[in-house]
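Fold and geometry: a report
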Amino acid sequence: MKFMVKLAMAAGRPDLADRYAREMLKFALLRELERLQAGDDVPALRTVSNAAAEPVRVPKPHRPFDDATYALAYEVFLAHRNVADAYEVAAAAVRHAPDDATWRRRLAQAADWSNRPVDALEQWLWLARRGGGKVEWDRVEQLAAGVRDSAVMLEALRMRAARGGDEALDLRIAKLIEDEGQPREAIAWLEQRIEARGVARSRTLLERQMALNEALGDLDAVLRALDRADAEAGPDPVRALRRATVLLDRGDVHGGFASLHRLRDRVAALAEAPELP
């Protein structure tokens, strides 16, 4: 039967190949059913069909299967633009061999082609987590955005950041973590990225981190961040004004005015500095 399928394909008759592939699957499934019936575990059946052909029943398998037969049927169904049945064959193969990356990829692609984004996401995520690269993680990110899976989106964005991102990506990740109701984890993420980049290259991240700490009422953390920024990047009028505001908000009038006085002195010093020739 495999010979007939391949002959029909070689002759440019995907319609005949489709018909022979169904017969081939029937024989393969009958052999599997016989093996299953030899024991006590006979699983439920799942239908694979289209309007123009007799249904083919694919059992939920628990034992070895004929990989070559399934692969040939999959290719034939795709050649005949029968994506629905190609998907079902791939799904059955994955149930047989859940650790087979080749069949996982076939199922992911068939799910894409047959507009099954949730199923596609499950398969692409499996591939991405098991040694996948940019292609797999990019597809996970696209699908997660489409089905609004924030947890998976966060995982994909973290992987992108690990490959090399920018402040905009780091802020996006922090926002997703915040949206999950975990502001302290968002602060920790921002701290990690600030440490990696340095304060001078993380002004936006530092601002967001201070805003989160301020929203949580952790003014000591805000002041520590301002001190660290001054130590690493030098004094800054904007930070001095913010420090004064924080100190006044917490009732430290003396400290607040002292910060303002230092700001005034710095501005005066800048105004008196000689111009460069």
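Residues numbered from 1 in each chain as written. Predicted model: local features only at pLDDT ≥ 70, side-chain atom pairs only at ≥ 80, totals over all residues. Heavy atoms only, no water.

**As for helix α10 (residues 183–197)**
How we decide: Runs of H or I in DSSP of at least four residues are treated as helices and runs of E of at least two as strands, each being numbered from the N terminus. Residue count minus one, scaled by 1.5 Å, sets the expected span of a helix. Relative accessibility under 20% of the residue-type maximum defines a buried residue, over 50% an exposed one, and the middle range a partly exposed one, all with a 1.4 Å probe and only protein chains included. It is the directions from the helix axis to the C-beta atoms that the arc portrays. Any pair of residues with heavy atoms lying within 4.5 Å of one another is described as a contacting pair.
Here α10 contains 15 residues, and its C-alpha end-to-end distance of 21 Å stays within 8% of the 21 Å for a straight helix at 1.5 Å per residue. Regarding α10, the residues found buried are A186, I187, W189, L190, R193, I194 and R197. Buried residues of α10 fall within an arc of 160° about the axis and therefore sit on the same side. Turned more than 90 degrees off the buried face of α10, the exposed positions are R184, E195 and A196. Buried positions along α10 lie against α8 (150–164), α9 (167–179), α11 (203–215) and α12 (219–233).

**What about the packing of α8 against α9?**
For clarity, the cut-off: Between N-to-C directions, angles cover 0 to 180 degrees, with each direction set by a line fitted to C-alpha atoms, over the stretch in contact for helices. Geometric relationships in this document are graded by angle, where less than 35 degrees denotes roughly parallel, more than 145 denotes roughly antiparallel, 65 to 115 denotes roughly perpendicular, and other angles denote oblique. Left-handed describes a crossing whose near helix is turned anticlockwise from the far helix through less than a right angle; right-handed describes the clockwise counterpart. Three residue categories are used. Nonpolar comprises Ala, Val, Leu, Ile, Met, Phe, Trp, Tyr, Cys and Pro, charged comprises Asp, Glu, Lys and Arg, and polar comprises the others, including Gly.
Two numbers describe how α8 lies on α9: the axes approach to 10 Å, and their chain directions differ by 155°. It follows that α8 is roughly antiparallel to α9 by the angle criterion. Between α8 and α9 the crossing geometry is left-handed. Between α8 and α9, the residues in contact are S150, M153, L154, L157, R158, R160 and A161 and L169, D170, R172, I173, L176 and I177, respectively. Tallied by class, residues from the contact of α8 with α9 come to eight nonpolar, one polar and four charged.

**Things to note about helix α4 (residues 83–96)**
Across its 14 residues, α4 extends 20 Å between first and last C-alpha, which sits within 8% of the 20 Å expected from 1.5 Å per residue. Most of α4 is tucked away, with eleven of its 14 residues classed as buried. Inspection of α4 places D85, A86, Y87, E88, V89, A90, A91, A92, A93, V94 and H96 among the buried residues, and these make up the whole buried set.

**Here's the deal with the pattern of salt bridges**
As a reminder, the rule being used: Here, a salt bridge means any Lys or Arg side-chain nitrogen found within 4 Å of an Asp or Glu carboxyl oxygen.
Tallied over the full model, the rule gives 16 salt bridges. With its nearest N and O atoms 2.8 Å apart, the salt bridge here joins R129 to E155. One end of the pair, R129, is in helix α6 (residues 117–129); the other, E155, is in helix α8, with 26 residues separating them in the sequence. Notably, a salt bridge pairs R208 with E178, separated by 2.7 Å at the nearest N-O pair. Here R208 is found in helix α11, whereas its partner E178 is found in helix α9, with 30 residues between them in sequence. What makes R208 partly exposed here is its relative accessible area of 30%.

**A closer look at the environment of L125**
When you line up the elements, L125 lands in helix α6. Classification of L125 by relative accessible area gives buried; the value is 9%. Those residues within four positions of L125 in sequence are excluded, and the remaining contacts are W137, V140, V152 and E155.

**Description of the nonpolar core**
For the record, the criterion: Side-chain atoms within 4.5 Å link the members of a nonpolar core, which is a set of buried Ala, Val, Leu, Ile, Met, Phe, Trp, Tyr and Cys residues.
One finds W103, V140 and I173 to be the most contacted residues of the largest nonpolar core, which totals 60 residues. Here this core takes eight residues from α4, the largest share from any one element. Every residue in contact with V140, bar those within four places of it in the chain, is listed here: L121, W124, L125, A128, V152 and A156.

**Looking at unusual backbone geometry**
Even without a glycine there, the phi angle at N115 is positive, about 60°. Following the sequence through the fold, N115 ends up in the loop between α5 (101–113) and α6. On the basis of relative accessibility, which here comes to 64%, the residue N115 falls in the exposed class. With phi around 60°, R148 is a residue other than glycine that occupies positive phi space. Tracing the sequence through the fold places R148 in the loop between α7 (134–147) and α8. Residue classification places R148 among the exposed positions, given a relative accessible area of 76%.

So far we have only geometry, and geometry alone does not tell us how the molecule works.
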